[in-house]
Amino acid sequence: MADDIIGIDLGTTNSAVGVVESGFPILLAGEDGSRIVPSAVWVGQDGDVEVGKSALRRRGAGAQVATSIKRFMGRRYAEVADEDFCVPFKEQQDGVPAFELNGGDYTAVQISAEILKHLKQVAETQLERSVSKAVITVPAYFNDAQRNATKQAGELAGLEVMRIVSEPTAAALAYGLDKLGEKSRVAVYDLGGGTFDISVLELHEGVFQVLATAGDTRLGGDDIDEALAQWCWSQLDTGESFDNLANQERQRLLDEAKLVKEKLTEADRVGLSIPFFRENFHVSLEITRDTLERVMRPVIAKTEGLCRRVLADAGIKDVEVDLNAVVLVGGSTRIPAVRDLVGRVFRREPDSSQHPDEAVAIGAVIQGGVMSGALRDMVLLDVTPLSLGIETFGGLMNVLIPRNTTIPCKAGEMFTNAIANQEMMRVRVLQGEREMARDNWELGSVDVSFDPAPKGQARVGVQFSIDENGILEVLARDVSTGKDTVLEINSAAVDVDDSDVEKMVSESVDYAFEDMAERIFTEARLKAEELLPAVEMGLAQVQDVMEPAELEEIRSAEAAVRAALEGREPNPLKAAVQRLDKATEHMAAVLVEKAMEEALMRKLGE
Ligand code: ADP
Ligand code: MG
C-alpha cells in the first residue's frame, strides 16, 4: 500500500487531522475522543510540551499558554510589534519574533510545529502505523512567507509537506463542489474563532481558482465571546469596568461566555454561573438567544460588508444567477443568526451537509488521498473513466456513454442492417476515445440475429446500463420480434488503471486530427457507396427525359466522387459527395414523380 498522506487543518483556534481509510476521508480523534484539537501550546519548566485541551486547562490555572499563534506565522517582528498577544514576545536577532513560554524563547514556526507533532502523534496512535507525509491548509490570503513558515513547521514536526492547500479550496472539496460543472462559482464563508474569511472560487478543469477573497484576521467567535462576557459583566452592576478586570477573572468570564454562546446554538436560554468568582461573589445569570443575537450583531454585520465587497470583486452581479453554491466553514457558522445572514446575503439556503469546523480538514484529507492514490478507486468508481460505445458501419466508434458520466447510468440507440438480407449483427462493445473502432479496446461482443430484411429495415436497439457497482450490461433487442440478447461485462467499464486512461486520452488528443479525418472520410465513403449505385439505377430509368446539361453535371459529379474515393482525402470526398447529392436533387424528384405516375397507371389499369 502506498504511504498515507494525512490531511491537516492547522487553524488559528482549532486544528484537526485525518486520513483516507478504506476509501473514505475521516478525521482522527485524540485520546479525549475529540476530533478537534485546540491550537494551544503549553511548555513546562523542563521543556515538556502539552497541546490542545490540556494546555488550555493549564491556562485556566494561570499558566502561560500560546494560542492563536497562526497570526504570527511568517511575519517579521516589525510587522507585529504593536499587536497584543497572550504571551510576551520580543525581536530575535534575525528579526523574527520570539515568544516566551516558561522562560524559553520559541518562534511561531516552532510553536506551530508542536501542534503538528501532536496531530501526527494522534494519527499514528489511531492508525497504529507511522506517518511521514502531510497536506496542510492555509488561509487563501497567506503570502509566500506565511506558506513557507507553515511548510517549515511541518518539516520541524517530522512531516514531509506534500502540498499546501488553501482553506476555501479544501472546504469546497469537502462539500464535493468539484463535482459541479466547469466554470461553476462557489462562495466559502468561514467564520472561525479569531478570523473571518470569505472567498469566491471558480472551477477550472476540476481545480478551484480563487476569484476574490477578503476577510478580517481579527474577527470571529472570540469577539462574540468578548461581547457576551462584557454584557454579562455589565448586568452584575459592580461599577467596575470589564477591561480593568484581572486577567484571570476576565479569562473565566470569557470561557463561560463561550460555553454559553455554544449552548445557545441549540437552546433558547442558558444559565451562566461562576460560583466563587470572588470570595463571596457568585456569578449567576440567565442569557437568552435574543440577547446573544443582539450583542453579536456588530460582528456579523462586519462579515456582511466583507461578503458584499468580495462578491463585487469577483464580478458577481446577481448571486442567484452567477453563483452556484455557498458553503459554511468554521465553528461560528453553527450559530443560527450567522446562517440566517449567509442565507440572506447569498439568497439561498447554505449547504450544511458537512460539520463546518471539520470541512477544511476533510478537504485536506481528500487532497492527500488523491495524491497518495488512496482515493483513486473511489473517484474512478464514481464516473466512467473512458467512453463506451459500439462499432458501427465502416469501423467507426459510436459512443453511447461518454467518458466522465456519473454512474449508475443508462443510454441506448437504434441501429439498422447495412446490407440487404443480413441475418445477424455483431455488437462489439468498445471503450476508448478514438474515432475508429480498431483503436479502442473491445470489452466483449454479442451476436444479434434477426429475420432477413431489405437494407435498413431490420432494427436492433442497443442499450448500455452501468449499475452502482460498475457492472455494464449490454442489451440488444430485435425490434420486430422483441427478442433480447444480454451481455454482462464486469467492472472493466469503470475499473481502468489510471495510466491506461491517461494513455488513451492523450493518444486521442495526439491523433485527434488524423482520427477526425478518417471519420469524415469513412462517413463520406459510406454515403458515396450508397449514392453511386442509386444514381446509376436512377439514370437508367429517366436519362432520356433529362436536360443534357443536367446529365453532364451528374456524370461529372459522379466521376469526381470516384476520383475522390481513390484520392482518400476526406474533405474533397465530402465535397464531391455533397456535389453529387445536389446534382441529383432534380433527378430524384423526377424519379419520385415517375414512380407515382406508374402507380397511378397501374391502379387505372386494374
Ligand atoms: P479556527 O478555524 O479559527 O481555528 P474553528 O473553525 O474551529 O476555528 O471555530 C472555532 C470557533 O467556533 C470558536 O469561537 C467556537 O466558540 C465556535 N463554535 C464552535 N462550536 C460552536 C457552536 N456549537 N455554536 C457556536 N459557536 C461555536
Ligand atoms: Mg479554520
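Residues numbered from 1 in each chain as written. Chains lettered and ligands numbered in written order. Predicted model: local features only at pLDDT ≥ 70, side-chain atom pairs only at ≥ 80, totals over all residues. Heavy atoms only, no water.

Colleague: Is there a simple way to think about the site of ligand 1 in this case?
Modeller: Close contacts around ligand 1 come from 18 residues, with T13, N14, K261, E262 and T265 the closest. In this structure, an oxygen atom belonging to ligand 1 sits 2.8 Å away from a main-chain N or O atom of T13. Between K261 and ligand 1, the recorded distance is 2.8 Å, taken from a side-chain N or O atom to an oxygen atom. Coverage of ligand 1 by the protein amounts to 89% of the 580 Å² it exposes when considered alone. The residue makeup of the shell around ligand 1, split by class, is one nonpolar, 12 polar and five charged. Formed jointly, the shell around ligand 1 draws a minimum of three residues from each of two domains, domain 1 (6-175 + 358-368) and domain 2 (221-295). (Near = heavy atom within 4 Å. Polar contact = N/O pair within 3.5 Å; in protein donor to acceptor, adjacent residues only side chain to side chain. Areas by Shrake-Rupley, 256 points an atom, 1.4 Å probe, with all protein chains shown as cover. Nonpolar A, V, L, I, M, F, W, Y, C, P; charged D, E, K, R; others polar. Domains from an automatic or database assignment.)

Colleague: I'm lost on the confidence of the model for the protein chain in this one. Help?
Modeller: Detailed reading of the predicted coordinates is not advisable wherever pLDDT is low. Confidence in the prediction for the protein chain averages 90 pLDDT; 98% of positions are at 70 or higher. Confidence, expressed as mean pLDDT per element, reaches its minimum in the protein chain at helix α12 (residues 376-382) with 49 and its maximum at strand β1 (residues 6-10) with 98. A low-confidence stretch, residues 377-381 (pLDDT under 50), is modelled with eight contacts involving residues beyond four sequence positions or located in other chains. (pLDDT = per-residue confidence, 0-100. Helix = DSSP H or I, 4+ residues; strand = E, 2+ residues; numbered from the N terminus. Contact = heavy atoms within 4.5 Å.)

Colleague: When you look at the pattern of salt bridges in this model, what are you seeing that I'm missing?
Modeller: Close approach of charged atoms allows side chains with opposite charge to pair. Within this structure, the stated rule accounts for 43 salt bridges. K179 serves as the salt-bridge partner of D178, at 3.8 Å between the closest nitrogen and oxygen. A relative accessible area of 25% means that D178 is categorised as partly exposed. For K179, a relative accessible area of 61% puts it in the exposed group. Among the ionic contacts, a cluster of salt bridges with common partners joins R434, R438, D439, K503, E507, D515 and E518. (Salt bridge = Lys/Arg side-chain N within 4 Å of Asp/Glu carboxyl O. Buried < 20%, exposed > 50% of the residue type's maximum accessible area, 1.4 Å probe, protein only.)

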